[in-house]
Amino acid sequence: HQYNSAGVEQWNKGYVAQTYHAEPIFFDKKGNFYLKTSEEYCLDNSSYPSCGSSAQMSKTTIKKYNVAGTEQWSQVLSDERAPISAHYQPVIDDIGNVYSFAKKDVVDDYGNWTTQNVIVKYSSVGAELWSQNLTNFNGYNEQIRVDDIGNVYITHPKNILDGNGNWATQTVLVKYSSAGEKLCN
């Protein structure tokens, strides 16, 4: 729903799916808004949530809408059995680029398909500009920030062995240029 300053509804959008969750709304400087949505379904199109012998799937999508509530673009962030975490929030920079965590199917060093955690940058019109693989990504405590010149900063926990052979958690900061080049770790 969108309301004007007098509280009068301007427009209303609804979503139909077997199970659909919309995350908080994010706005850019032009008044466009973005939703992160999650939909759960059965791989064989049987009735969710009793998928029978079919795999239960989850698709996470980010969608951009203009000020009139019309969808401008949509990008799937993950579509698999292990969805990305709902604990992080996408980031929008001053010119409308969107930065998000996502999952991608890639071919590993042995020629097998595998799922890779990535950070991805989309342009203001929804085109993927770049993506970078993330290592030691657990999907729960990651944060994305963008500075005034477009550098991207990611923090995430990493499990390490301390000097006594015990596992400990260390926070790691990774910096990428506006073009997606890794600058420091």
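As the structure is a computational prediction, the values presented were derived from the model and not from experiment.

Peer 1: I'm lost on the side chain of Asp28 in this one. Help?
Peer 2: Residue position: Asp28 is located in the loop between strand 4 (26–27) and strand 5 (33–42). Despite its burial, Asp28 pairs with no opposite charge; the closest candidate is Lys64, at 4.3 Å N-O. Polar side-chain contacts of Asp28 include one of 3.0 Å to the backbone nitrogen of Lys30. Here the side chain of Asp28 touches Tyr34 through a polar contact of 2.9 Å, side chain to side chain. Sequence-distant contacts of Asp28, that is, excluding residues within four places in its chain, are made with Tyr34, Lys64 and Ile92.

Peer 1: Even after reading the chapter, I still don't get the packing of aromatic side chains, so can you show me in this structure?
Peer 2: Aromatic ring pairs are reported here in terms of the distance separating the ring centres and the angle at which the planes meet. Under the definition given, this model contains five aromatic pairs. Relative to Phe33, the ring of Phe27 has its centre 6.2 Å away and its plane inclined at 50 degrees; by these criteria the two rings are tilted. Between Phe33 and Tyr65, the ring centres sit 5.1 Å apart and the planes meet at 10 degrees, which makes this aromatic pair stacked. One end of the pair, Phe33, is in strand 5; the other, Tyr65, is in strand 6 (residues 56–65), and 32 residues separate them in sequence. By relative accessible area, which is 3% here, Tyr65 ends up buried. Grouped by ring-pair contacts, the aromatic residues Phe27, Phe33 and Tyr65 constitute a single cluster.

Peer 1: I keep staring at the sheet that holds strand 12 (residues 143–146) and nothing clicks. Help me out?
Peer 2: Note on sheets: strands pair through backbone hydrogen bonds, and any given pair is parallel or antiparallel. One open sheet holds the four strands; their spatial order is 12-13-14-15, and the pairing between them is antiparallel. Bordering the open sheet on either side are strand 12 and strand 15 (182–184), each of which pairs with just one other strand. Between one strand axis and the next, the sheet turns by 40 degrees as a mean value, whatever way the strands run. For strand 12 and strand 13 (residues 152–161), the ladder comprises four bridges, and the chain directions are antiparallel. Opposite Arg145, over in strand 13, you have Tyr153 as the bridge partner.

Peer 1: In this structure, what is going on with the pattern of salt bridges? I would like to understand it.
Peer 2: Opposite charge on two side chains lets them pair, provided their charged atoms get close. Summed over all chains, the structure comprises one salt bridge. The salt bridge partner of Lys29 is Asp94, with a shortest N-O separation of 3.6 Å. Linking Lys29 in the loop between strand 4 and strand 5 with Asp94 in the loop between strand 8 (91–92) and strand 9 (98–107), this pair joins segments that are 65 residues apart in sequence.

Peer 1: Would you take a moment to explain the environment of Asn12 for this structure?
Peer 2: Along the polypeptide, Asn12 turns up in the loop between strand 2 (9–11) and strand 3 (19–22). Residue Asn12 is classed as partly exposed on the basis of its relative accessible area, which comes to 43%. Between the alpha carbons of Asn12 and Gly69 there is a distance of 7.9 Å; along the sequence they are 57 residues apart.

Peer 1: Is there a simple way to think about the environment of Phe26 in this case?
Peer 2: Topologically, Phe26 is positioned in strand 4. When the C-alpha positions of Phe26 and Lys64 are compared, they lie 9.3 Å apart, and in sequence the two are 38 residues distant. Not counting the four nearest positions on each side in its chain, Phe26 is found in contact with Asn32, Phe33, Tyr34, Gln89, Pro90 and Ile92.

Peer 1: What am I meant to see in the nonpolar core here?
Peer 2: A general trend in soluble globular proteins is that nonpolar side chains are found buried together. Core analysis: the largest hydrophobic core is formed by twelve residues, namely Val91, Tyr99, Phe101, Ile119, Trp130, Leu134, Ile144, Val152, Ile154, Val172, Val174 and Tyr176. Those elements that provide at least two residues to this core are strand 9, strand 13 and strand 14 (167–176). For this core, the leading source of residues is strand 14, giving three residues. Setting aside residues no more than four positions away along its own chain, Leu134 makes contact with Phe101, Gln116, Asn117, Val118, Ile119, Ile154 and Tyr176. Formed by ten residues, the second largest nonpolar core is a distinct cluster that contains Trp73, Leu77, Val98 and Val118.

Procedures and definitions
Residues numbered from 1 in each chain as written. Predicted model: local features only at pLDDT ≥ 70, side-chain atom pairs only at ≥ 80, totals over all residues. Heavy atoms only, no water. Helix = DSSP H or I, 4+ residues; strand = E, 2+ residues; numbered from the N terminus. Buried < 20%, exposed > 50% of the residue type's maximum accessible area, 1.4 Å probe, protein only. Lys, Arg positive; Asp, Glu negative; His and termini not counted. Salt bridge = Lys/Arg side-chain N within 4 Å of Asp/Glu carboxyl O. Polar contact = N/O pair within 3.5 Å; in protein donor to acceptor, adjacent residues only side chain to side chain. Contact = heavy atoms within 4.5 Å. Phe/Tyr/Trp six-rings, centres within 6.5 Å; stacked < 30°, edge-to-face > 60°. Pairing = 2+ DSSP bridges. Axes fitted to C-alpha atoms, helices over the stretch in contact; angles between N-to-C directions. Core = buried A, V, L, I, M, F, W, Y, C linked by side-chain atoms within 4.5 Å.

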